[in-house]
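Breakdown of the fold
Spelled out, the chains give:
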Amino acid sequence: DETIRLSVSSYLSPEFELQFFSQGSEVLRLINNHVKPHLLICDLRLDDMDGFALIDAIPRRRHGMAIVLTSTSATIETLLQIIDRKVDGYLPKPFN
């Protein structure tokens, strides 16, 4: 979502190099090519898979990468799945 990208960019740029992807397969390709991001902020809804499928596909050690999930519709079940996957954080949308 372009609004989210602009919000994140305004807070994290220019201190960090940012890359944005709408498909989980693009992120996996990047990681499989030995690129080691420090932080992955991932929506639970991606164009080609859900965020849980993406983080489940990332190698177990995650290369020291922190993972933060975000969503507009988190149920108790969703929050329990986030806890179960031991992600580093959750940001409910919309955020200011």
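Structure shown above.
Sequence order as written defines the numbering, with residues in each chain counted from 1. Since the coordinates come from a predicted model, pLDDT governs what is reported: local features require at least 70, and pairs of side-chain atoms require 80 or more to be given and counted, while whole-chain, interface and lining totals use all residues. Here the side-chain values reflect all heavy atoms present in the structure, with hydrogen atoms and water set aside.

1. Focus on the nonpolar core
The criterion, for reference: Note on terminology: a nonpolar core comprises buried Ala, Val, Leu, Ile, Met, Phe, Trp, Tyr and Cys residues joined through side-chain atoms within 4.5 Å. The cut-offs for exposure are 20% and 50% of the maximum accessible area for each residue type, with area from a 1.4 Å probe on protein chains only; residues under the lower value are buried, those over the upper are exposed, and the others partly exposed. Counting from the N terminus, the helices are the DSSP runs of H or I reaching at least four residues and the strands are the DSSP runs of E reaching at least two. Contacts are residue-level and defined by heavy atoms, with any inter-residue pair within 4.5 Å sufficient.
Counting 16 residues, the largest nonpolar core has Leu-40, Leu-54, Ile-58, Ile-67 and Leu-69 as its most contacted members. Elements with a minimum of two residues in this core: helix H2 (24–32), strand E1 (39–43), helix H3 (51–57) and strand E2 (66–71). Leu-54 has contacts with Gly-24, Val-27, Leu-28, Leu-40, Cys-42, Leu-46 and Met-49, leaving out every residue within four places of it along the chain.

2. Some words on H2
How we decide: Summarising the geometry, the arc corresponds to the directions from the helix axis toward the C-beta atoms.
Listed as buried for H2 are Gly-24, Val-27, Leu-28 and Ile-31. Relative to the axis of H2, the buried residues are bounded by an arc of 100 degrees and lie together on one face. Looking at the buried residues of H2, the elements they touch are E1 and H3. Two residues or fewer after H2 comes His-34, characterised by a positive phi angle close to 70 degrees.

3. Quick look at the pairing of E2
Note the threshold: Think of it this way: DSSP has to see at least two bridges between two strands before they count as a pair.
Counting buried residues in E2 gives five out of six residues, a clear majority hidden from the surface. Note: E1 against E2, five bridges, orientation parallel. Paired with Leu-39 across the two strands is Ala-66, which belongs to E2. Two strands pair when backbone bridges link them, and E2 and strand E3 (residues 89–92) are joined in this way by four bridges, in the parallel orientation. The residue of E3 that forms the bridge with Ser-71 is Pro-92.

4. Let's talk about the sheet that holds E3
Cut-off, in case you're wondering: Structural elements are reduced to axes, namely lines fitted to C-alpha atoms, with helices fitted over the stretch in contact, and the angle between N-to-C directions of any two is expressed from 0 to 180 degrees.
The strand order across the open sheet built from three strands is E1-E2-E3, with neighbouring strands paired in parallel fashion. In this open sheet, the two strands that pair with only one neighbour each are E1 and E3. Ignoring strand direction, the axes of neighbouring strands in this sheet form an average angle of 20 degrees.

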